[in-house]
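Coordinates in review
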Amino acid sequence: MRLDTTDKQLINLYQRDLSVCERPYQEMARRLDIPEEEVIDRLQSLRNHHVISRVGPVFEHHRAGASILAAVAAPPEQQDLVAARINRAPGVNHNYAREHTYNLWFVMTAPDEDTLDERLDELEHQLRLPMLRLPMVAQYHIDLGFDIDWEALA
Amino acid sequence: MSVSTLKSDAPHVDNYVLCDRDRQLILATQGGLPLVPDPWQALGQQLGMPADEVLARFQRMQEMGVVRRVAAVPNHYRLGYRFNGMTVWDVKDEAIGRLGQLVGNLPFVSHCYRRPRHLPYWSYNLFAMVHGTSREEVEKKAGLIRDVLGEDCHGNTILYSSAILKKTGLRLKKDGS
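Residues numbered from 1 in each chain as written. Chains lettered and ligands numbered in written order. Predicted model: local features only at pLDDT ≥ 70, side-chain atom pairs only at ≥ 80, totals over all residues.

Summarizing the sequence annotation, UniProt attributes the feature "domain: Siroheme decarboxylase AsnC-like ligand binding" (unreviewed entry) to residues 66-135 of chain A in the numbering used throughout. Annotated as 36% helix and 36% strand, the span residues 66-135 of chain A places its first and last C-alpha atoms 10 Å apart. (UniProt positions renumbered as here; feature names shortened; annotations may be inferred. Helix = DSSP H or I, 4+ residues; strand = E, 2+ residues; numbered from the N terminus.)

On to helix H6 (residues 135-149) of chain B, then. Residues separated by three or four positions in an α-helix point in the same direction, a consequence of the helix having 3.6 residues per turn. Residue and element names in this part refer to chain B. Helix length check: H6, at 15 residues, gives a terminal C-alpha distance of 21 Å against a target of 21 Å (1.5 Å per residue), a fit within 8%. The complete set of buried residues in H6 reads Val138, Lys141, Ile145 and Leu149. What you see down the axis of H6 is that its buried residues fit within an arc of 95°, all on one side. In H6, those exposed residues whose orientation departs by more than 90 degrees from the buried face are Glu136, Gly143 and Asp147. Here the buried face of H6 lies against strand S3 (83-91), helix H5 (96-104), strand S5 (126-132) and strand S6 (153-167). Trailing H6 by a residue or two, Gly150 shows a phi angle of about 55°, which is positive. (Expected span 1.5 Å × (residues − 1). Buried ≥ 20, exposed ≤ 12 C-beta atoms within 10 Å, placed from the backbone. Arc of directions from axis to C-beta. Contact = placed C-beta atoms within 7 Å.)

Attention now goes to the domain arrangement of chain B. The domains assigned to chain B are domain 1 (20-63) and domain 2 (76-160). Put simply, the middle of domain 1 of chain B and the middle of domain 2 of chain B, counted by C-alpha atoms, are 36 Å apart. (Domains from an automatic or database assignment.)

Residue and element names in this part refer to chain B. In this model, chain B carries a mean pLDDT of 86, and residues with pLDDT of at least 70 account for 85%. Note that residues 1-12 has pLDDT below 50 and, in this model, 14 contacts with residues that lie over four places away or in other chains. Low pLDDT, under 50, characterises residues 171-177; the predicted model gives this stretch 16 contacts beyond four residues in sequence or across chains. This prediction of the complex comes with two scores: 0.80 for pTM and 0.83 for ipTM. (pLDDT = per-residue confidence, 0-100.)

How large an interface is tends to be reported as the accessible area lost when its parts come together. Taken residue by residue, the interface counts 70 residues in chain B and 67 residues in chain A. Among the elements of the structure, strand S1 (4-5), helix H1 (20-29), helix H3 (51-63), strand S2 (67-74), helix H4 (76-79), H5, strand S4 (109-114) and S6 of chain B are those that each provide at least two residues to the side of chain B that touches chain A. Looking at the side of chain B that touches chain A element by element, the count peaks at 9 residues for S6(B). Classifying every residue of the side of chain B that touches chain A gives 36 nonpolar, 24 polar and 10 charged. Here strand S6 (residues 138-141) of chain A runs beside S4(B); their pairing, made up of 3 bridges, is antiparallel. Along S4(B), the bridge assignment pairs A:Ala138 with B:Arg114. (Nonpolar A, V, L, I, M, F, W, Y, C, P; charged D, E, K, R; others polar. Pairing = 2+ DSSP bridges.)

This is how it looks when you write it as structure tokens:
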């Protein structure tokens, strides 16, 4: 998909926040000086082409329950198997393979801290691998995306 | 300086208790809002809730910090940022509050957190996520972080992601997965 200036502007302006008001797309339309219908069509098309993953709420995990980043060092020949087990564990919503001895990094969530600990203990026991538990201690940046360098991407 | 921690963050409440209707809304919008002129009306119809209640609940969840933002979330990989580097740093405990804030403010850092060390296995306590179109670009950005940390950093590495094995929205059901 080739992005035109309006698409890029849409992403630049609304990757950080759109207004939670009665007619959010109408407000975007006003700002971009295009019809509301066009805003909706463009968003639909950007989503269909996976340029944006969604237009919607980003939830703060630790405010809507408990969450933790954890990692294990899976023996390379078992990495796929271990990854599949992690993916099946309750509450796991992200799992990335990374180039490091600790090669599987995942985020686990639960309705509360106790349930989270139980889930981690259970998974650790199942995997028979020691787990690095890395809860967030402080957040130095509220995730609002980052400036997209369109020229570098062109 | 505004550092948000688990313990304190002025305008937000620590543990906002979600009611079932909030949960229903979260579950219904994990994949995004309906792309129709009145998305609240469409959601309300789907869930049997008045449109103004849907909107009011979203506004409140945003005020309470449960909803961090409502946005058009870009797919950075699809845009050309093929390299995702989790840069990790071993920063002096006395300096991490100040330095973490400076690193978090760098325009190319998308997430920045302090996390505990697990010695002797893991000595890094500062995590900053960096994206790039090449490894060189990620390394250049990591170099800028190193400049900020200076003498207070005793070691660092970059963990590149080689595969996304799972990425889904937040799940809230008690029974998990």
